[in-house]
Amino acid sequence: MSSFEPRIVAFLCNWCSYAGADLAGTSRIKYPPNVRTIRVMCSGRINPMFIVNALQEGADGVLISGCHPGDCHYSKGNYYARRRYQVMKNILEYIGIHPDRVRMSWVSAGEGQKFADVINEVIEGIKALGPAEEIRRR
Amino acid sequence: MRIGVYVCECGINISNTVDVDEVAKYAGTLPDVHTSRVYKYMCSDPGQEMIKNDIREEGLTRVVVASCSPRMHEPTFRNAVEEAGLNPYCFEMANIREHCSWVHTDRETATRKAMRIVAAAVLKSAFDKPLDKKEVPVTHNAMVIGAGIAGIQASLDIADSGYKVYLVEKDSTIGGRMAQLDKTFPTLDCSACILTPKMSDVPRHPNIELLTYSEVEDISGYVGNFRVSVKKKARYVNTDKCTGCGVCSNVCPVHNVIQVPEPVKTKVTPEIKAVDAIIDRYEAKRDALIQILQDANKHFNYLPEAVLRRAAERLGIPFSEVYGTASFYKSFSLTPRGKHIIQVCMGTACHVRGASRILEEFERRLCIRPGENTEDGLFTLERVNCLGACALGPIIAVDGDYHGQMTTGKVSRLIDTYAKKDG
């Protein structure tokens, strides 16, 4: 179990969280290489099916990260994302996926350290849950 | 589909942690990849030239550059591919610097991650479609909500830069809180002298449209193209025809409407109830302020701000005076204190007899410094200048009870005795 290295897909919004991840890079903050980033223009762009697909195609956990409430580049995209996320959690449970596999966070362009912290937390959380085999396509 | 992949070394920024040759070799095996190269600095002129040549000579239809963040050089490479005749949106960037080489240390796992990032970008590029740029008109207007001093200044600044400003204020007059103040902190400048010239600048400014007695109901749209609906409340006056002669006020059925700042209502909390009881005991006499504060200090173990404010309100004394009194006397405390107050005398006689050692022992046992409270709220440690019992020194007082000829050994016993009393 200790050798389990989770695969995590992170959907980051272009304006805040992706830039936050960039800042973690420019600040040379280290975090484990378990995360694959997908850049979306806004966290409101994230269709819940993206998350289900990611879990079906081999991810063990998914992170959604957008601008802080009130800071959305498109004024309310992150609120839509948050609502979807809340509904999504119930649906995940219903289809047999542990809802903690999907996490949402707010990371601004100035929070490089917070991004690294979030990544570490997500990895720890998923490690505790183990591989996501519930709905994986084989 | 002919895809070209270019892996950048970024000097040593990428190549130190990522095996770029391995990444390029792997990229060459991906579907539809026609060319896969490594270069020291892709963003340099020769690097860009390399891409342009390949587009022209090899007929590439998609380009993937694996280098830094797209927030850094995406526009650079989009320009480059456009100059070579490829649609700029047929370009993809794989971020293997900020998201990989700079945040990882292990070369093997970092290289593997870089490969996956490049593979994702290559597969995505196959889905890219040529796009056209479109220009969207932007409304060069601004709206400022709230015409207090901040809103007024913002509006004037924007308007002076040549943009139209809509300034919305929910009250019938602008100026906000500052109009109700006499002086401004900390320079004690005359508030009105600063505010009123600006207030009169606002309606005079050709670029400002002032919407007083109006409220914002809804905001939609996005940066550059917001849509706001503003509700103008009924004024019962035709502002176009009004000359401000004031004759209407003579026949107005509503008289003497004077605007005063809203009184701050004190919420009745248990704290307020207790202090009210104390004040009642002294029949709310102004002369009894010190007795009231003494009783309150005893009741709460300190004087909470709400209590001081209530006393000022009930006794009709300015708050500043109540605060002045409360902060003047050493026996009043404005911060919460422990149940038992340990005072260690640091007078000359006690000092000579080793009071500092006693104090140190208390600090060590209670894990606090003088002036602090223990975490459980049981003890407060204080140093006092003289308890007036030098013959018994070193002396300490706990809750007013004196303990003379203290030794470090007695300290822990004393603490235990008082802790047990509560426990």
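A. Region of the structure containing the overall build of chain B. Within chain B one finds 15 helices and 15 strands. Looking at chain B as a whole, 39% of its 423 residues qualify as buried. In chain B, 63% of the contacts between residues at least 6 apart in sequence involve partners at least 24 apart. Total accessible area on chain B stands at roughly 24800 Å², and carbon and sulfur atoms take up 52% of it.

B. Spatial organisation of the overall build of chain A. Secondary structure assignment for chain A yields four helices and four strands. Within chain A, buried positions represent 49% of all 138 residues. In chain A, once contacts between residues fewer than 6 apart in sequence are set aside, the share between residues at least 24 apart is 81%. As displayed, chain A has an accessible area near 6600 Å², and 53% of this comes from carbon and sulfur atoms.

C. Inspection of the nonpolar core at higher detail. Residues and elements named next belong to chain B. Ranked by internal contacts, the top residues of the largest apolar core, which has 42 residues, are Val5, Ile51, Val63, Ile96 and Val118. For this core, the secondary structure elements donating two or more residues are strand S1 (3-8), helix H1 (20-28), helix H2 (45-58), strand S3 (62-67), helix H3 (70-83), strand S4 (91-95) and helix H5 (107-127). Looking at this core, the element that brings in the most residues is H5, giving eight residues. When near neighbours in sequence (up to four residues on either side) are disregarded, Ile96 contacts Val7, Ile14, Ala66, Ser67, Ser101, Ala114, Ile117 and Val118. Listed in part, the 26 residues of the second largest apolar core include Cys350, Ile358, Ala389 and Tyr418.

D. Representation of the packing of helix H14 (residues 355-366) of chain B against helix H15 (residues 408-421) of chain B in the model. Residue and element names in this part refer to chain B. Contact geometry of H14 with H15 gives a least axis separation of 9 Å together with a crossing angle of 40°. In terms of orientation, H14 lies oblique with respect to H15. The chirality of how H14 crosses H15 is right-handed. Contacts between H14 and H15 involve Arg357, Ile358, Glu361, Phe362, Arg365 and Leu366 from the first element and Thr408, Val411, Ser412, Leu414 and Ile415 from the second. Here the residues of the contact of H14 with H15 sort into six nonpolar, two polar and three charged.

E. Structural detail: the pattern of salt bridges. Residues and elements named next belong to chain B. In total, this model carries 29 salt bridges over all chains according to the counting rule given. In this structure, Asp182 engages Lys183 in a salt bridge whose closest nitrogen and oxygen atoms are separated by 3.1 Å. The partly exposed category is assigned to Lys183, whose relative accessible area is 43%.

F. A look at the pairing of strand S10 (residues 214-222) of chain B. Residues and elements named next belong to chain B. Bridging between S10 and strand S11 (residues 225-232) involves eight bridges; their strand directions are antiparallel. Bridging across to S11, Ile219 finds its partner in Val228. The loop that links S10 with its antiparallel partner S11 comprises two residues; one of these, Gly224, has a positive phi angle of about 95°.

G. Spotlight on helix H10 (residues 289-300) of chain B. Residue and element names in this part refer to chain B. Between its terminal C-alpha atoms H10 stretches 16 Å, which fits the 16 Å expected from 12 residues at 1.5 Å a residue. Turning to H10, its buried residues number three or more, namely Leu289, Ile292, Leu293, Ala296, Asn297 and Phe300. With its buried residues spanning 135° around the axis, H10 presents them on a single face. Check the buried side of H10 and you find it contacts helix H9 (270-281), helix H11 (305-315) and helix H12 (319-328). Just downstream of H10, Asn301 is the residue with a positive phi angle, here 75°.

H. Here's a closer look at the interface of chain B and chain A. At the interface, 18 residues of chain B touch 23 residues of chain A. Together chain B and chain A conceal approximately 1700 Å² of surface at their shared face, both sides included; 53% is due to carbon and sulfur atoms. Of all residues in chain B, B:Arg71, B:His99 and B:Trp102 bury the most surface against chain A, accounting for 37% of the area lost on that side. Linking chain B to chain A there are one salt bridge. Notably, a salt bridge pairs B:Glu74 with A:Arg39, separated by 3.0 Å at the nearest N-O pair. Here chain B and chain A share 10 residue pairs in polar contact (both at pLDDT 80 or more) between them. Elements with a contribution of two residues or more to the side of chain B that touches chain A: H3, helix H4 (97-101), H5 and S10 of chain B. Residue composition of the side of chain B that touches chain A, by class: five nonpolar, eight polar and five charged.

I. The confidence of the model for chain B, seen in detail. Looking at chain B, pLDDT values average 90 and 97% of them are 70 or higher. At the level of chain-chain contacts, confidence expressed as ipTM amounts to 0.92, with global pTM at 0.58.

J. Broad picture of the packing of aromatic side chains. Residue and element names in this part refer to chain A. All told, the structure shown has seven aromatic pairs over all chains when counted by the stated rule. Ring geometry for Trp15 against Tyr74: centres 6.4 Å apart, planes inclined by 75°, an arrangement best described as edge-to-face. Here Tyr74 lies in the loop between strand S3 (61-66) and helix H3 (77-94) and Trp15 lies in the loop between strand S1 (8-13) and helix H1 (17-26), a separation of 59 residues in the sequence. According to the relative accessible area criterion, Trp15 is partly exposed, its value standing at 31%.

K. Here's a closer look at the sheet that holds strand S2 (residues 35-40) of chain A. Residues and elements named next belong to chain A. Here we have four strands laid out as an open sheet, ordered S2-S1-S3-S4, and parallel in their pairing. Each edge of the open sheet is held by one strand with a lone partner, namely S2 and strand S4 (102-106). On average, each strand axis in the sheet is inclined to that of its neighbour by 20°, with strand direction left out of account. The pairing of S3 with S4 spans five bridges and is classified as parallel. Across the sheet, residue Ile64 finds its bridge partner in S4, namely Met104. Packed on one face of the sheet, helix H4 (residues 112-129) meets S1, S2, S3 and S4 and runs near 165° to S4.

L. Focus on a nonpolar patch on the surface. Residues and elements named next belong to chain B. A grouping of Ile145, Ile219, Val223, Phe226 and Val228 is seen on the molecular surface, where their side chains present a nonpolar patch of about 440 Å² in accessible area. By secondary structure assignment, the location of Ile219 is in strand S10. Ile219 gets classed as partly exposed once you look at its relative accessible area, which sits at 38%.

M. Region of the structure containing the side chain of B:Thr35. Looking at where B:Thr35 falls in the secondary structure, it is placed in strand S2 (residues 33-39). Residues contacting B:Thr35, with those up to four places away along its chain left out, are B:Ile3, B:Gly4, B:Val5, B:Asp54, B:Glu58 and B:Leu60.

The rules behind the values
- Residues numbered from 1 in each chain as written.
- Chains lettered and ligands numbered in written order.
- Predicted model: local features only at pLDDT ≥ 70, side-chain atom pairs only at ≥ 80, totals over all residues.
- Heavy atoms only, no water.
- Helix = DSSP H or I, 4+ residues; strand = E, 2+ residues; numbered from the N terminus.
- Buried < 20%, exposed > 50% of the residue type's maximum accessible area, 1.4 Å probe, protein only.
- Contact = heavy atoms within 4.5 Å.
- Areas by Shrake-Rupley, 256 points an atom, 1.4 Å probe, with all protein chains shown as cover.
- Core = buried A, V, L, I, M, F, W, Y, C linked by side-chain atoms within 4.5 Å.
- Axes fitted to C-alpha atoms, helices over the stretch in contact; angles between N-to-C directions.
- Parallel < 35°, antiparallel > 145°, perpendicular 65-115°, else oblique.
- Left-handed = near helix turned anticlockwise from the far one by under 90°.
- Nonpolar A, V, L, I, M, F, W, Y, C, P; charged D, E, K, R; others polar.
- Salt bridge = Lys/Arg side-chain N within 4 Å of Asp/Glu carboxyl O.
- Pairing = 2+ DSSP bridges.
- Expected span 1.5 Å × (residues − 1).
- Arc of directions from axis to C-beta.
- Buried area = accessible area lost by both parts, 1.4 Å probe.
- Polar contact = N/O pair within 3.5 Å; in protein donor to acceptor, adjacent residues only side chain to side chain.
- pLDDT = per-residue confidence, 0-100.
- Phe/Tyr/Trp six-rings, centres within 6.5 Å; stacked < 30°, edge-to-face > 60°.
- Patch = residues over 30% accessible without salt bridge, like charges linked within 9 Å, V, L, I, M, F, W, Y side chains within 5 Å.

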